[in-house]
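Descriptive structure summary
The residues making up each chain are set out below.
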Amino acid sequence: ILEHLEAIKELQSLPGVEYSPCIDREELLPHIQDAAFFVHPNVWEETFCVAMAEAMASGCYPITSDIGALSEISFGRGKYIPMTGNITTMGWEPSSRFINEFAQELSRCFDFFDKEPESFYQATNELSRLTREIYDWKKIASYWKELVEVVSERKGFDESYAQNQYEVDTFSPD
C-alpha cells in the first residue's frame, strides 16, 4: 500500500471526501445513510460483505472489483471492475490498470449521479428494498434453524449423544 499513499492523500483532500480510519458502527451508520455510493476496491475474494449489505440497505450503490461473490451479493446491480494484478496469499496486488479503471468507473458513476439523480435514486431505492427483504437477519436465522432441524431429523440426531461427545471432547484430567 505504500506505493498508493500519494494517491490516497490526494483522494482524501477532495471536496466531499471524508476519511475515518476506524469508528464504531453506531457512529458510522448516519454516514452510510447519507452516502450515495459504497466504494469497495476489495482485494480479497469475499463470499459475503456485511458492510456492503448494510450500505445497500441504506441506499448506497456498490462499486467494487469483480472478484469473489460481491456481484451475487448485490444481485448484479452494481459496478464491478475487472481485477488485474497478481494474486498472492495476502490477496490481490492490484495493477495500475485496475486502479485507473476503478477511478474511471467512479468518475462515470459520480457523473451519472449528478446528471440523472431520479434514475439513480430509483435504482438504489429498489436495491435497498431488495437487500432489506433478502438479507433480513431474522429471516436468515429462521432458515438456518429450519435447516439444522431438518438435517438433525434426517440423521436421527440424538441430543444426548451430542452432549456426551461434548463432555468427552472437553474433559481434561487434573
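Residues numbered from 1 in each chain as written. Predicted model: local features only at pLDDT ≥ 70, side-chain atom pairs only at ≥ 80, totals over all residues. Heavy atoms only, no water.

What follows is about the packing of helix 3 (residues 50-57) against helix 6 (residues 117-134). For the pair helix 3 and helix 6, the least separation of the axes is 7 Å and the interaxial angle reads 125 degrees. The angle between helix 3 and helix 6 places the two elements in the oblique class. Contacts between helix 3 and helix 6 involve Ala-53, Met-56 and Ala-57 from the former and Leu-127, Ser-128, Thr-131 and Arg-132 from the latter. Its residues placed into classes, the contact of helix 3 with helix 6 shows four nonpolar, two polar and one charged. (Axes fitted to C-alpha atoms, helices over the stretch in contact; angles between N-to-C directions. Helix = DSSP H or I, 4+ residues; strand = E, 2+ residues; numbered from the N terminus. Parallel < 35°, antiparallel > 145°, perpendicular 65-115°, else oblique. Contact = heavy atoms within 4.5 Å. Nonpolar A, V, L, I, M, F, W, Y, C, P; charged D, E, K, R; others polar.)

Okay, helix 5 (residues 96-115) next. Owing to its 3.6 residues per turn, the α-helix brings residues three or four apart onto one side. Over its 20 residues, helix 5 extends 28 Å from the first C-alpha to the last, a length consistent with the 28 Å expected when each residue adds 1.5 Å. For helix 5, the set of buried residues is Phe-98, Phe-102, Glu-105, Leu-106 and Cys-109. All buried residues of helix 5 lie within an arc of 105 degrees about the axis, which places them on one face of the element. Across helix 5 from its buried face, at more than 90 degrees, point the exposed residues Ser-96, Arg-97, Asp-114 and Lys-115. (Expected span 1.5 Å × (residues − 1). Buried < 20%, exposed > 50% of the residue type's maximum accessible area, 1.4 Å probe, protein only. Arc of directions from axis to C-beta.)

Quick look at the sheet that holds strand 3 (residues 79-81) now. Spatially, three strands are ordered 1-2-3 in an open sheet, and the strand pairing comes out parallel. Two strands lie at the open edges of the sheet, namely strand 1 (37-40) and strand 3, each paired on one side alone. Direction aside, neighbouring strands of the sheet carry axes that sit 10 degrees apart on average. (Pairing = 2+ DSSP bridges.)

The description of two packed helices rests on the angle between their axes and on the distance between the axes. Where helix 5 contacts helix 6, the axes come no closer than 5 Å and their chain directions differ by 110 degrees. When the axes of helix 5 and helix 6 are compared, the pair comes out roughly perpendicular. Listed contacts from helix 6 to Phe-112, Phe-113, Asp-114 and Lys-115 of helix 5 are Pro-117, Ser-119, Phe-120 and Tyr-121. Tallied by class, the residues present in the contact of helix 5 with helix 6 amount to five nonpolar, one polar and two charged.

Another aspect to go through is the confidence of the model for the chain. For the chain, per-residue confidence averages 85 on the pLDDT scale, and 86% of positions sit at 70 or higher. Note on residues 164-174: pLDDT under 50 across the span, and zero contacts to partners over four residues away in sequence or across chains. (pLDDT = per-residue confidence, 0-100.)

On to the pairing of strand 4 (residues 85-88). A regular strand carries its side chains on alternate faces of the sheet. Note: strand 4 against strand 5 (residues 91-94), four bridges, orientation antiparallel. If you follow Gly-85 over to strand 5, its bridge partner there is Pro-94. Taken together, strand 4 and the strand that follows it, strand 5, pair antiparallel across an intervening segment of two residues.

All right, on to the pattern of salt bridges then. For the structure on display, the rule yields eight salt bridges. The partner of Glu-54 in a salt bridge is Arg-25, with the nearest N and O atoms 2.8 Å apart. One end of the pair, Glu-54, is in helix 3; the other, Arg-25, is in helix 2 (residues 25-34), with 29 residues separating them in the sequence. Residue classification places Glu-54 among the partly exposed positions, given a relative accessible area of 23%. Between Lys-115 and Asp-111 there is a salt bridge, and its shortest N-O distance comes to 3.3 Å. Of this pair, Lys-115 and Asp-111 both sit in helix 5, four residues apart, which is roughly one turn of that helix. What makes Lys-115 exposed here is its relative accessible area of 59%. Within this structure, Arg-25, Glu-26 and Glu-54 form a network of salt bridges that share partners. (Salt bridge = Lys/Arg side-chain N within 4 Å of Asp/Glu carboxyl O.)

We now examine the packing of aromatic side chains. All chains considered together, the criterion is met by 11 aromatic pairs. Here Phe-37 and Tyr-61 contribute two aromatic rings whose centre-to-centre distance is 6.4 Å and whose plane-to-plane angle is 85 degrees, an arrangement assigned as edge-to-face. You can see Phe-37 sitting in strand 1 and its partner Tyr-61 sitting in strand 2 (residues 61-65), a full 24 residues away along the chain. Comparing Phe-37 with Tyr-61 shows no difference in burial state: the two are buried. With a centroid separation of 5.3 Å and an interplanar angle of 85 degrees, the aromatic rings of Phe-48 and Tyr-135 are classed as edge-to-face. One end of the pair, Phe-48, is in the loop between strand 1 and helix 3; the other, Tyr-135, is in the loop between helix 6 and helix 7 (137-154), with 87 residues separating them in the sequence. An aromatic cluster is present here, built from Phe-37, Tyr-61, Phe-110, Phe-113, Phe-120 and Tyr-121 joined pairwise through their rings. (Phe/Tyr/Trp six-rings, centres within 6.5 Å; stacked < 30°, edge-to-face > 60°.)

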